[in-house]
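Residue-level structure breakdown
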Amino acid sequence: MLDLELLRSFVSVVEAGGFTRAGARVHRTQSTVSQQIKRLEEDIGQVLLHRDGKTVRPTEAGERLLSYARRLLSLAEEARDVLRQPNSEGAIRLGIPEDFAAYRLTKLLGAFARSHPGLRLDVRADQSKYLARDLERGELDLALYKREAGANGAIAVWPERVHWVTSKSHPIDVVDVASVPLIGFPLGCIYRAGAIHALESAGRAWHTAYTSSSLAGIQAAVAAGMGLSILSEMSIQSDHRVLTAREGFAPINKTEVALMASPDASPATLRLADRLAEFCDAVQAKAA
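Residues numbered from 1 in each chain as written. Predicted model: local features only at pLDDT ≥ 70, side-chain atom pairs only at ≥ 80, totals over all residues. Heavy atoms only, no water.

Observations concerning the packing of helix α1 (residues 4-16) against helix α3 (residues 30-44)
Packing of α1 against α3 leaves a shortest axis separation of 9 Å and a crossing angle of 115°. Overall, the two elements α1 and α3 adopt an arrangement that is roughly perpendicular. As for the relative orientation of α1 and α3, their crossing is left-handed in sense. Packed against α1, whose contacting residues are Leu6, Leu7, Ser9, Phe10 and Val13, the element α3 presents Val33, Gln36, Ile37, Arg39, Leu40 and Asp43 at the interface. The residue inventory of the contact of α1 with α3, partitioned by class, reads seven nonpolar, two polar and two charged. (Axes fitted to C-alpha atoms, helices over the stretch in contact; angles between N-to-C directions. Helix = DSSP H or I, 4+ residues; strand = E, 2+ residues; numbered from the N terminus. Parallel < 35°, antiparallel > 145°, perpendicular 65-115°, else oblique. Left-handed = near helix turned anticlockwise from the far one by under 90°. Contact = heavy atoms within 4.5 Å. Nonpolar A, V, L, I, M, F, W, Y, C, P; charged D, E, K, R; others polar.)

A few points about the environment of Leu66
Among the secondary structure elements, Leu66 is positioned in helix α4 (residues 60-84). Leu66 sits 59 residues away from Leu7 along the chain, and the two C-alpha atoms are 8.5 Å apart. In contact with Leu66, other than residues within four places in its own chain, are Phe10, Val11 and Val14.

Regarding the nonpolar core
Trp164, Leu182, Leu199, Leu228, Ile230, Leu243 and Phe249 are the most contacted members of the largest nonpolar core, which totals 24 residues. Elements with a minimum of two residues in this core: β6 (156-167), β7 (179-184), α8 (190-201), α9 (215-223) and β9 (229-232). For Leu243, the residues in contact, after removing those within four places along its chain, are Trp164, Val165, Thr166, Val174, Leu228 and Phe249. Listed in part, the 22 residues of the second largest apolar core include Ile92, Leu142, Leu259 and Val283. (Core = buried A, V, L, I, M, F, W, Y, C linked by side-chain atoms within 4.5 Å. Buried < 20%, exposed > 50% of the residue type's maximum accessible area, 1.4 Å probe, protein only.)

Concerning the confidence of the model for the chain
Mean pLDDT over the chain: 87, with 95% of residues reaching 70 or higher. Across the chain, the secondary-structure element scoring lowest on mean pLDDT is helix α2 (residues 19-26), at 76, and the one scoring highest is strand β10 (residues 240-242), at 96. (pLDDT = per-residue confidence, 0-100.)

Quick notes on the packing of aromatic side chains
Scanning the model with the defined rule gives two aromatic pairs in all. Between Trp164 and Phe249 the ring centres are 5.1 Å apart and the planes differ by 70°, which places this aromatic pair in the edge-to-face class. Residue Trp164 is located in strand β6, and its partner Phe249 is located in the loop between β10 and β11 (252-261); the two are separated by 85 residues in the primary sequence. By relative accessible area, which is 2% here, Phe249 ends up buried. (Phe/Tyr/Trp six-rings, centres within 6.5 Å; stacked < 30°, edge-to-face > 60°.)

Side note on the environment of Glu78
Examined against the element boundaries, Glu78 turns out to sit in helix α4. With residues up to four places along the chain from it excluded, the contact list for Glu78 reads Ala91 and Arg120.

Description of the pairing of strand β1 (residues 49-52)
Sheet topology note: the β1/strand β2 (residues 55-58) ladder contains four bridges and is antiparallel. Looking at β2, one finds that His50 is bridged to Arg57. Between β1 and β2, which pair antiparallel one after the other, the connecting turn spans two residues, and Gly53 there sits at a positive phi close to 65°. (Pairing = 2+ DSSP bridges.)

Below, the structure is given as structure tokens:
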């Protein structure tokens, strides 16, 4: 078992960049912190820190441990906070796509949190591939994410309409352009994969014009005329123009939004899942 006190000292040394400053953070002497790091290295069987005079930096093994240490310390703090509250309903770790975070979903989550004052709600907006991964790892309790259509195991799914878009003010010449300039999320995004597959299936050359992990960045790049992208209907803005099948850019309808919960989801988590399902049903009805 990893000792949380040793992990706390290790994280403090890395973040402070030295033993003396780390000691002040954890209220220990420099020699005590040094001994704690030595004990941790002995327990793990790896050297965790490079010591170069007063400068300290993590080794490769130290960098790998660092992310785990932060998560373990955060989980321990969460457990302590929850158990200190006599009327606590626990905590829900929710993952949502960035376009949903920028939509009306934040109002729903705010209302849910206010109606459950004993509940700790931890929401993270991220790319769908990371949300699916973290739910499988047990790092999320509930997730709403995009995936290829037809997969199983979800509480509910909603088909998604994804459109090709260009700038309304500075449109790309989609007919005569030799290589389609593509705007999208980094490698691993299903929108990016769908766009590339559609272009290559049509025999069209393409190149990456702009890559961003931020939805706002992609929306701005499209509006500025830097290239084409594919966006969900809720992410299309007034300064975008939807391309049509007649122009050679038909909608891509092979993705869906899936609502997934961990196998041991709490009653509070399932109540939030019901609210999210109602929200997605309303969005789907509005788009129909």
